[in-house]
Amino acid sequence: MGSLPLFPVTVVGSLPRSKPMQDALRKRQSGRMTEAEFQAVADVAVRECLNMQIAAGVDIVSDGEQRRDNFYSFVAEKVEGVRLMSLADMLEYVEDKAAFERLLNALDVPAFAIKNPVVVGKLRRARPLALDDFRFLKNLTDRAIKVALPGPYLLTRSMWVKSLSADLYPTKEALGEDVTRILREELIALRDAGCDIVQFDEPVLTEVAFAGPHATHTFMCAALSEKSSPEAELSFAVDLLNRVVEGVEGVKTALHVCRGNWSRNESVLLQGAYDPLIPYFCRMKVRQFVLEYATERAGSVEALAALPEDREIGLGVCNPRTSEIETAEFIAAKARSLLKFRPAETLYLNPDCGFGTFADRPVNTLETAAMKLRALHDAAQVLRAEHGRGA
Ligand SMILES: [Zn+2]
């Protein structure tokens with residue numbers, strides 16, 4: 001990675017898709033648009049996202065995940081043996097249909113709009129997951145680049161639907177073998193192509209940590225009936241992630257954990273501090289933890305004091321789901337509360353999550369996202385001045 005200023009500003013991943021981009025995603029999925037036509041629309045959208053980030057003063061940019069349907073479902077287009085299904089389609093196959101339906105209603109989830117990847121065959125990485133998208137962005141900019149990939153636990157949990165997957169993968173451990181192999185291949189390919197940060201998204205770890213063995217609080221884990229104790233599940237998640245990243249040098253690895261980002265109605269999203277996850281984070285061989293702290297839901301940053309000194313924090317300091325723009329002072333104050341016990345060199349500033357997690361359901365507009373990112377940049381400038389290093 002080139003020289004970054006102190007308190008680098010970055011994004012978590014997605015940015016809102018424009019109307020033409022949303023149309024193109026829909027048309028391609030239903031076979032009404034050729035691949036070349038789709039890529040042409042996406043190329044324009046990625047350039048817009050990049051220009052917005054540069055104008056806002058983002059130090060580590062992403063392509064806004066413009067080509068993805070959502071942050072994990074897109075693997076269906078890249079990996080053989082995976083079928084993209086809407087949550088409505090999945091109703092037919094899940095074991096407890098009534099519970100699944102109740103959950104979708106309670107969580108304010110549009111069952112037809114949100115799609116989930118499901119294992120229906122033996123997995124094979126037919127195409128790179130993100131390498132082509134990374135190369136396109138790399139050709140457009142000298143800025144450092146972050147690529148987000150779905151975490152191995154999320155994929156293993158969300159893709160396994162018993163009646164469709166069990167013949168090929170009788171256990172989650174068996175599926176985890178192939179998932180980790182595919183993600184490790186992708187990580188190494190991105191490293192070799194010059195990617196600066198690869199972030200693995202594991203939003204369901206909070207659900208696992210906060211819920212009992214039989215409770216389900218997000219739709220991403222809803223299909224899987226077998227679930228062990230939270231401790232066993234979290235240890236499994238640690239093991240899967242370490243199998244992906246361990247020993248891969250020359251690229252920064254990160255883990256993003258949040259509490260859901262599909263609705264602006266905060267009351268349907270999970271609540272709870274990171275405390276129960278910290279012992280598991282300590283065992284994970286990633287360099288950076290990208291965590292949400294802009295809302296009261298996340299608890300105190302004091303919990304992060306227990307993380308090893310060499311780990312970095314991507315501190316979530318603005319809420320991607322609101323229209324109000326956080327002030328630079330609010331953001332700087334959040335950062336200062338962490339700087340009491342973590343070195344300045346290990347602190348990055350980012351929003352709590354993406355701005356357009358699900359293509360059909362962006363949680364904000366591109367204009368608001370730009371203003372929030374600008375506020376992050378302004379706060380970084382304040383902090384840099386305080387630490388004697390302007391940029
Ligand atoms: Zn998130």
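Residues numbered from 1 in each chain as written. Predicted model: local features only at pLDDT ≥ 70, side-chain atom pairs only at ≥ 80, totals over all residues. Heavy atoms only, no water.

This next bit is on helix α6 (residues 131-138). Inspection of α6 places Leu131, Asp133, Phe134, Phe136 and Leu137 among the buried residues, and these make up the whole buried set. Contact partners of the buried residues in α6: α2 (35-56), β1 (60-61), β4 (144-150) and α9 (172-192). (Buried < 20%, exposed > 50% of the residue type's maximum accessible area, 1.4 Å probe, protein only. Helix = DSSP H or I, 4+ residues; strand = E, 2+ residues; numbered from the N terminus. Contact = heavy atoms within 4.5 Å.)

Viewed as axis vectors pointing N to C, helix α7 (residues 152-159) and α9 meet at an angle of 135 degrees, and their least axial separation amounts to 9 Å. Compared by their axis directions, α7 and α9 come out oblique. For α7 against α9, the interelement crossing comes out right-handed. Contact residues: α7 offers Pro152, Leu155, Thr156 and Met159, while α9 offers Lys172, Leu175, Gly176, Val179, Thr180 and Leu183. For the contact of α7 with α9, a count of residues per class yields six nonpolar, three polar and one charged. (Axes fitted to C-alpha atoms, helices over the stretch in contact; angles between N-to-C directions. Parallel < 35°, antiparallel > 145°, perpendicular 65-115°, else oblique. Left-handed = near helix turned anticlockwise from the far one by under 90°. Nonpolar A, V, L, I, M, F, W, Y, C, P; charged D, E, K, R; others polar.)

Time to look at the pattern of salt bridges. Considering all chains together, one arrives at 29 salt bridges under this definition. The salt bridge partner of Arg68 is Glu65, with a shortest N-O separation of 3.7 Å. We classify Arg68 as buried; its relative accessible area is 4%. Here Glu312 ties to Lys252 by a salt bridge, and the two come within 2.8 Å at their closest N and O atoms. Of the two residues, Glu312 is situated in strand β8 (residues 312-316) and Lys252 in strand β6 (residues 252-257); the sequence distance between them amounts to 60 residues. A relative accessible area of 4% means that Glu312 is categorised as buried. If you follow the salt bridges from partner to partner, you end up with Lys122, Arg125, Asp178, Arg181, Glu185 and Glu186 in one network. (Salt bridge = Lys/Arg side-chain N within 4 Å of Asp/Glu carboxyl O.)

Topologically, Ser300 is positioned in the loop between β7 (288-292) and β8. What makes Ser300 partly exposed here is its relative accessible area of 37%. For the pair formed by Ser300 and Cys195, sequence separation is 105 residues and the distance between their alpha carbons is 32 Å. At 2.9 Å, the side chain of Ser300 forms a polar contact with the backbone nitrogen of Glu302. (Polar contact = N/O pair within 3.5 Å; in protein donor to acceptor, adjacent residues only side chain to side chain.)

In this section: unusual backbone geometry. Positive phi, close to 55 degrees, is recorded for Phe7, a residue that is not glycine. As for its placement among the helices and strands, Phe7 is situated in the segment before α1 (19-29). Although it is not a glycine, Glu65 adopts a positive phi angle of roughly 55 degrees. Considering the arrangement of structural elements, one finds Glu65 in the loop between β1 and α3 (75-78).

This part covers the coordination of the zinc ion. For the zinc ion, every protein donor is listed as His256 (NE2), Cys258 (SG) and Cys353 (SG), and the spread of their distances is 2.0 to 2.3 Å. All donor residues of the zinc ion come from one chain, and their arrangement in sequence is H-x1-C-x94-C. Of this pair, Cys258 sits in the loop between β6 and α12 (278-283) while Cys353 sits in the loop between β9 (347-350) and α14 (366-386), placing them 95 residues apart in sequence. Of the residues examined, Cys353 reaches a relative accessible area of 7% and is grouped as buried. (Donors = N, O, S within 2.8 Å, 3.2 Å for Na, K, Ca; no water.)

For the rest of this paragraph, the subject is the side chain of Thr253. As for its position among the elements, Thr253 is in strand β6. Judged by its relative accessible area of 6%, Thr253 is buried. Setting aside residues no more than four positions away along its own chain, Thr253 makes contact with Leu187, Val198, Val245, Lys285, Val286, Arg287 and Gln288.

With that settled, consider the packing of helix α13 (residues 328-339) against α14. The interhelical angle for the contact between α13 and α14, taken along N-to-C directions, is 50 degrees, at an axis separation of 8 Å. Classed by the angle they form, the pair α13 and α14 counts as oblique. Relative to α14, α13 is oriented so that their crossing is right-handed. The residues of α14 that touch α13, namely those facing Ala328, Ile331, Ala332, Ala335, Arg336 and Leu339, are Ala375, Leu376, Asp378, Ala379, Val382, Leu383 and Glu386. Considering only residue class, the contact of α13 with α14 consists of ten nonpolar, no polar and three charged.

Attention shifts here to the nonpolar core. Among the nonpolar cores identified, the biggest contains 112 residues, and Leu123, Phe281 and Leu349 are the most heavily contacted of them. If we ignore the near neighbours within four places in the chain, the residues touching Leu123 are Val79, Glu80, Gly81, Val82, Met159, Tyr169, Leu175, Asp178, Val179, Arg181 and Ile182. In terms of nonpolar packing, the next biggest core, distinct from the first, is built from eight residues, Met21, Ala24, Leu25 and Ala359 among them. (Core = buried A, V, L, I, M, F, W, Y, C linked by side-chain atoms within 4.5 Å.)

Note on placement: Gln22 falls in helix α1. For Gln22, a relative accessible area of 11% translates into the label buried. A distance of 3.2 Å separates the side chain of Gln22 from the backbone oxygen of Arg17, its partner in a polar contact. Each residue touching Gln22, except ones within four places of it in the same chain, is listed here: Arg17, Ala359, Asp360 and Pro362.

This next bit is on the sheet that holds β7. Read across the sheet, seven strands follow the order β1-β4-β5-β6-β7-β8-β9 without closing on themselves; strand pairing throughout is parallel. Across the chains shown, the open sheet's two edge strands, defined by having one partner strand only, are β1 and β9. Relative to β4, β1 runs parallel, the two sharing two bridges. Across the sheet, Ile60 pairs through a bridge with Ala144, a residue of β4. (Pairing = 2+ DSSP bridges.)

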